[in-house]
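Chain residues, written in single-letter form:
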Amino acid sequence: MLSTQERIQVAQVWDLIAGHEASFGAELLLRLFTVYPSTKSYFKHLGFCPDETQLLTHGQRMLEAVGVAVQHMDNLRAALSPLADLHAQVLRVDPSNFPLLIQCFQVVLASHLQGEFTVEMQAAWDKFLTGVAVVLTEKYR
Amino acid sequence: MVHLTAEEKSAVTALWSKVKVDEVGGEALGRLLVVYPWTQRFFDSFGDLSSPNAIMSNPKVKAHGKKVLNSFSDGLKNLDNLKGTFAKLSELHCDQLHVDPENFKLLGNVLVCVLARHFGKEFTPQVQGAFQKVVTGVANALAHKYH
């Protein structure tokens, strides 16, 4: 699905995120909740105004999962199977929310990388994250 | 109608005053065509769209991007009446250009990413929120006259 060039782009960007999963994830969630408040309906355990600690904790968890996906680009289905089960059986996040998260992910990348955020990176990451979303919602029915 | 708070309105105006409309338009359209290649279907007459480099440096892409963004800029001056402001353009996109309105949402999202790229930390979650509301409003206005 991803070409060789696209895999390189994904890995290169991940190298910039690795080690900063918590802060990246926290900003991702903050943007998601600020820009698309309805997404908070999936996080009622965090309350209406999640604090920084909560965002960092959950953000780290989410970004670590992205890291797993990056390490297993060739076999997302197997690597993300437990997470796919979780989303299908427990979380049941409506699939329409994944593009919202992906948009916020791109904005975090763009605002941090700025001049280094090439169009090739944007294209590769959009394709990659969309693929992850497909796998996470595949067992819904 | 777009419902922006007073803070959101002033954030949008302040940021937009620093935007190089000519460049940002071309970049946004170029990125749309690269990231979502099926959108190229509307631009058969644009010449070489064979690679990201070709697209980003294509003069027709830049010119058209500039045109699109100047239009968008007009919208920003009329946030209380986006449907009226874009009525004619909406008819054009439906009757002549036959553009699926989904493409307006895609371009709006790409534009937000381009703004984030240019403005970095200044493009806070609140500023992003304000701009996402604006691009959604413009996309809806452009779809309004479809029949």
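Residues numbered from 1 in each chain as written. Chains lettered and ligands numbered in written order. Predicted model: local features only at pLDDT ≥ 70, side-chain atom pairs only at ≥ 80, totals over all residues. Heavy atoms only, no water.

Under an unreviewed UniProt entry, the name given to chain B is Hemoglobin subunit beta isoform X3, and the source organism is Neomonachus schauinslandi. Recorded in UniProt for chain B, the comment headed Sequence similarities (unreviewed entry) runs: "Belongs to the globin family." (UniProt positions renumbered as here; feature names shortened; annotations may be inferred.)

Chain A appears in an unreviewed UniProt entry as Hemoglobin subunit mu from Neomonachus schauinslandi. Heading Sequence similarities (unreviewed entry) of the UniProt record for chain A holds this comment: "Belongs to the globin family."

Undergrad: So what's going on with the interface of chain B and chain A? Which residues, and what values?
TA: With 23 residues of chain B at the contact, the number on the chain A side is 20 residues. Summed over both partners, the interface of chain B with chain A comes to about 1800 Å²; 58% of that surface belongs to carbon and sulfur atoms. Together, Arg31(B), Cys113(B) and Arg117(B) form the three largest contributors to the area buried by chain B at its contact with chain A, with a combined 30%. Across the contact surface, chain B and chain A share zero salt bridges. Here chain B and chain A share 11 residue pairs in polar contact (both at pLDDT 80 or more) between them. Contributions of two or more residues to the side of chain B that touches chain A are made by helix H2 (21-35), helix H3 (52-57), helix H7 (102-119) and helix H8 (125-143) of chain B. (Contact = heavy atoms within 4.5 Å. Buried area = accessible area lost by both parts, 1.4 Å probe. Salt bridge = Lys/Arg side-chain N within 4 Å of Asp/Glu carboxyl O. Polar contact = N/O pair within 3.5 Å; in protein donor to acceptor, adjacent residues only side chain to side chain. Helix = DSSP H or I, 4+ residues; strand = E, 2+ residues; numbered from the N terminus.)

Undergrad: Mind laying out the layout of surface pockets, listing which residues take part and the relevant values?
TA: In this model, the largest pocket occupies a volume close to 990 Å³. Taken together, 44 residues form the lining of the largest pocket, with Asp126(A), Thr130(A), Val35(B), Tyr36(B) and Leu106(B) sitting closest to its centre. When contributions to the lining of the largest pocket are tallied by element, the ones reaching two or more residues are helix H1 (4-17), helix H6 (98-113) and helix H7 (119-137) of chain A together with H2, H3, H7 and H8 of chain B. Ranked by residue count, the leading element in the lining of the largest pocket is H7(A), at eight residues. Its residues placed into classes, the lining of the largest pocket shows 23 nonpolar, 14 polar and seven charged. (1 Å grid on protein atoms, 1.4 Å probe; cavity = no way out; pocket = protein on both sides within 12 Å on 5 of 7 lines; lining within 4 Å. Points joined across faces, edges and corners; volume = space filled by probe spheres on them. Nonpolar A, V, L, I, M, F, W, Y, C, P; charged D, E, K, R; others polar.)

Undergrad: I'd like a description of the packing of aromatic side chains, backed by residues and values.
TA: Counted by the stated rule, this structure contains 11 aromatic pairs over all chains. With 5.2 Å between their ring centres and 85 degrees between their planes, Trp125(A) and Phe128(A) make a pair best called edge-to-face. Highlighted residues: Trp125(A) and Phe128(A), both in helix H7, separated by three residues, approximately one helical turn. Taken together, a centroid distance of 5.5 Å and an interplanar angle of 50 degrees make the contact between Trp16(B) and Phe72(B) tilted. Here Trp16(B) is found in helix H1 (residues 6-16), whereas its partner Phe72(B) is found in helix H4 (residues 59-76), with 56 residues between them in sequence. Side by side, Trp16(B) and Phe72(B) carry an identical accessibility label, which is buried. Grouping aromatic residues by their ring pairs yields a cluster made of Phe24(A), Phe105(A), Trp125(A) and Phe128(A). (Phe/Tyr/Trp six-rings, centres within 6.5 Å; stacked < 30°, edge-to-face > 60°. Buried < 20%, exposed > 50% of the residue type's maximum accessible area, 1.4 Å probe, protein only.)

Undergrad: Explain the confidence of the model for chain B residue by residue, including any values.
TA: Looking at chain B as a whole, its pLDDT mean stands at 96, while 100% of the residues score no less than 70. Scoring the predicted complex yields pTM 0.96 and, for the interface, ipTM 0.95. (pLDDT = per-residue confidence, 0-100.)

Undergrad: Give a description of empty space enclosed by the protein that names residues and reports values.
TA: Under the counting rule described, the total for this entry stands at one cavity of 30 Å³ or more. Roughly 30 Å³ of volume is contained in the largest cavity. Along the walls of the largest cavity sit Gln103(A), Gln106(A), Gln122(A), Asp126(A), Tyr36(B), Asn109(B), Val110(B) and Cys113(B), which together make up its complete lining. Secondary-structure elements contributing two or more residues to the lining of the largest cavity are H6 and H7 of chain A together with H7 of chain B. Tallying contributions element by element places H7(B) first for the lining of the largest cavity, with three residues.

Undergrad: Explain the UniProt feature "domain: Globin" (unreviewed entry) in chain A residue by residue, including any values.
TA: The sites that UniProt annotates as "domain: Globin" (unreviewed entry) are residues 1-141 of chain A. Segment residues 1-141 of chain A splits into 70% helix and 0% strand. End C-alpha atoms: 23 Å apart.

Undergrad: Give me the lowdown on helix H3 (residues 52-71) of chain A, citing residues and values where you can.
TA: Since there are 3.6 residues in each turn of an α-helix, residues three or four apart along the chain are aligned in direction. All names here are of chain A. Counted at 1.5 Å a residue, the expected span for H3 with its 20 residues is 28 Å, and the 28 Å between its end C-alpha atoms agrees. Among all positions of H3, only Leu55, His58, Gly59, Leu63, Val66, Gly67, Ala69 and Val70 are buried. Looking at the buried positions of H3, the neighbouring elements they touch are H1, helix H2 (21-35), helix H4 (76-79), H6 and H7. Taking the backbone nitrogen of Thr53 as reference, a side-chain oxygen 3.0 Å away marks Asp51 as the first, capping residue of H3. (Expected span 1.5 Å × (residues − 1).)

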